[in-house]
Amino acid sequence: MKDKTWFSSTLLDWNRQSNDRQMPWKGEKDPYLVWLSEIILQQTRVEQGLPYFLRFKEKYPTVKHLAKAPEDDVMRLWQGLGYYSRARNLHHTAKHIASELKGIFPATYHDIVKLKGIGPYTAAAIASFIFGEKQAVVDGNVIRVLARIYGIDLPFDTTEGKKAFSELAQKLISDTHPGEYNQAIMDFGATVCVPANPKCDICPFADKCVAYQENRQEELPVRAKRITKKERFFYYVVLKDNKEIIITKRSANDIWKGLYELPMLESPKAIRKNIGEAVSTFLGKKVKIESYSKPYTQQLTHQTIQSVFIFIDGEDLQNVHIEGAQKVPLKKLPTFAFPKVVHLFLVENSLL
DNA sequence: AACGCGGGGAC
DNA sequence: GTCCCAGCGTT
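Below is a short write-up of the structure. Remember, it's a predicted structure, so these values are computed and weren't measured experimentally.

The next subject is the nonpolar core. If you look at the biggest cluster of nonpolar residues, it comprises 101 residues, and the most contacted ones within it are F7, W35 and I185. When we break this core down by domain, the ones giving at least three residues each are domain 1 (6-213) and domain 2 (230-348). For F7, the residues in contact, after removing those within four places along its chain, are V145, L146, I149, Y150, L172, Y181, I185 and F205. Residues V237, I275, L283 and I322 belong to the second largest nonpolar core, which totals 17 residues.

So, about the side chain of E261. With respect to the helices, strands and loops of the structure, E261 is situated in strand β3 (residues 260-261). One polar contact links E261 to Y236, side chain to side chain, over a distance of 2.8 Å. Of note is the side chain of E261, whose polar atom sits 3.1 Å from the side chain of R250. Leave out the neighbours within four places in its chain, and E261 touches Y236, I247, T248, R250, W256, F338 and V342.

We now examine the protein's contact with DNA strand C. Near DNA strand C there are 28 residues, and of these E38, G117, T122, D139 and R144 occur at the shortest range. Close to the protein, within 4 Å, the atoms of DNA strand C are drawn from sugar and phosphate at a rate of 68%. At a separation of 3.2 Å, a phosphate oxygen of DNA strand C approaches a polar backbone atom of G140. Listing elements by their share of the surface near DNA strand C, those giving two or more residues are α2 (31-41), α8 (120-131), α9 (140-149) and α11 (178-191). Grouping the constituent residues of the surface near DNA strand C by class yields nine nonpolar, 10 polar and nine charged.

Their axes nearest at 10 Å, the elements α2 and α8 cross at an angle of 145°. In the crossing of α2 with α8, the sense of the turn from one axis to the other is right-handed. Of the residues in α8, those touching α2 at P31, V34, W35, E38 and I39 are Y121, T122, A125, I126, F129 and I130. Residues that form the contact of α2 with α8 fall into these classes: nine nonpolar, one polar and one charged.

In this section: the pattern of salt bridges. Following the criterion strictly, the structure yields 16 salt bridges and no others. A salt bridge links D72 to K249, with the shortest nitrogen-to-oxygen separation between them at 3.5 Å. Here D72 is found in helix α5 (residues 71-78), whereas its partner K249 is found in strand β2 (residues 244-249), with 177 residues between them in sequence. When its relative accessible area of 23% is taken as the criterion, D72 is described as partly exposed. When salt bridges with common partners are traced through the structure, they connect R232, R250, D254, E261 and E266 into a single cluster.

Right, let's get into the protein's contact with DNA strand B. Taken together, 22 residues are adjacent to DNA strand B, and T159, W256, T301, H302 and K340 come closest. When atoms of DNA strand B within 4 Å of the protein are sorted by moiety, sugar and phosphate together comprise 57%. R45 is positioned such that a nitrogen or oxygen atom in its side chain is 3.0 Å from a base nitrogen of DNA strand B. Between DNA strand B and Y83, the relevant distance is 3.0 Å, taken from a sugar or linking oxygen to a main-chain nitrogen or oxygen of the residue. By residue class, the composition of the surface near DNA strand B is eight nonpolar, 10 polar and four charged.

It is worth spelling out empty space enclosed by the protein at this point. Using the criterion set out here, one finds one cavity of 30 Å³ or more in the structure. Contributing to the lining of the largest cavity are R148, I149, F188, V192, C193, P198, K199, C200, C203, C209, Y212 and Q217. Residue composition of the lining of the largest cavity, grouped by class: nine nonpolar, one polar and two charged.

Definitions and limits used
Residues numbered from 1 in each chain as written. Chains lettered and ligands numbered in written order. Predicted model: local features only at pLDDT ≥ 70, side-chain atom pairs only at ≥ 80, totals over all residues. Heavy atoms only, no water. Core = buried A, V, L, I, M, F, W, Y, C linked by side-chain atoms within 4.5 Å. Buried < 20%, exposed > 50% of the residue type's maximum accessible area, 1.4 Å probe, protein only. Domains from an automatic or database assignment. Contact = heavy atoms within 4.5 Å. Helix = DSSP H or I, 4+ residues; strand = E, 2+ residues; numbered from the N terminus. Polar contact = N/O pair within 3.5 Å; in protein donor to acceptor, adjacent residues only side chain to side chain. Near = heavy atom within 4 Å. Nonpolar A, V, L, I, M, F, W, Y, C, P; charged D, E, K, R; others polar. Axes fitted to C-alpha atoms, helices over the stretch in contact; angles between N-to-C directions. Left-handed = near helix turned anticlockwise from the far one by under 90°. Salt bridge = Lys/Arg side-chain N within 4 Å of Asp/Glu carboxyl O. 1 Å grid on protein atoms, 1.4 Å probe; cavity = no way out; pocket = protein on both sides within 12 Å on 5 of 7 lines; lining within 4 Å. Points joined across faces, edges and corners; volume = space filled by probe spheres on them.

Set out below in structure tokens:
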């Protein structure tokens, strides 16, 4: 019979009998390290985030180490992981904790959720794992597990849907072992109730699972909105001599904010001719194009970006003036964080 | 309430 | 190709 604790006790039984998922931050009692792991894992698979967690823990073992690091160093360590606002907010909050909170991490969900970069999910995770507070996490795993077992076809990416899943999650969480419960439901979603081809044959909920009983596993959960991709065309200008190169920092509220790149001209559509003119206008002086790199196509979640790198013939770096640009020794390039495509170009051309 | 934000892996 | 991933901040 489905009594009040049916869900949580079934889940905790599964966790103790069948869950062998190991991760370095599991059981961690230092709130800084749990916080760090949770930020890294936002919208990121464990396997992808793991090496980053180990590198951050090694380089910044405490919140104070992180707080006194230059932002460029933090971005450099985050390079390649994506969603770079996570790194900026992580650093911002580390400085806030070190200076305003005397290095002490807040101890309640209410106070934790106020921190920049920490929302309902991360606050619930930290509050329950570290402080034993009864706050249910709601992430992609939890939504999928609950949608299937309880047959919820309300779209989860709406205000109404979010509220419904949060309330159900909070109703189901274990009174006595909230932290273990939160960990278990996410492990369960990540290993058994997976998005495609869930392992219903070994699922302890199967006989009560609405989705399984009605064979609707692939239909649940329901998302309301579909992602629309936009196309963008980036034309990068390689301005270098034997020892220096010109780079710029992305500062607009756009993709890759906080990272560095080469001077770049963006076009709403592919420029098929007169690229020389466009580049000359961009640089404010007549230039002759020496050659082009191969086109680099990058598939991101919300946009497709095609980038071409343009080599300029006989350019004199002294006479180039680009707003916000800086000339740096080639040797120093490894200290800057670049978007994946720029990094790849630099590596393929032996500049990095 | 709606939108923007990376990169990688599974299918 | 599409979808999803230990979500969040901004507008």
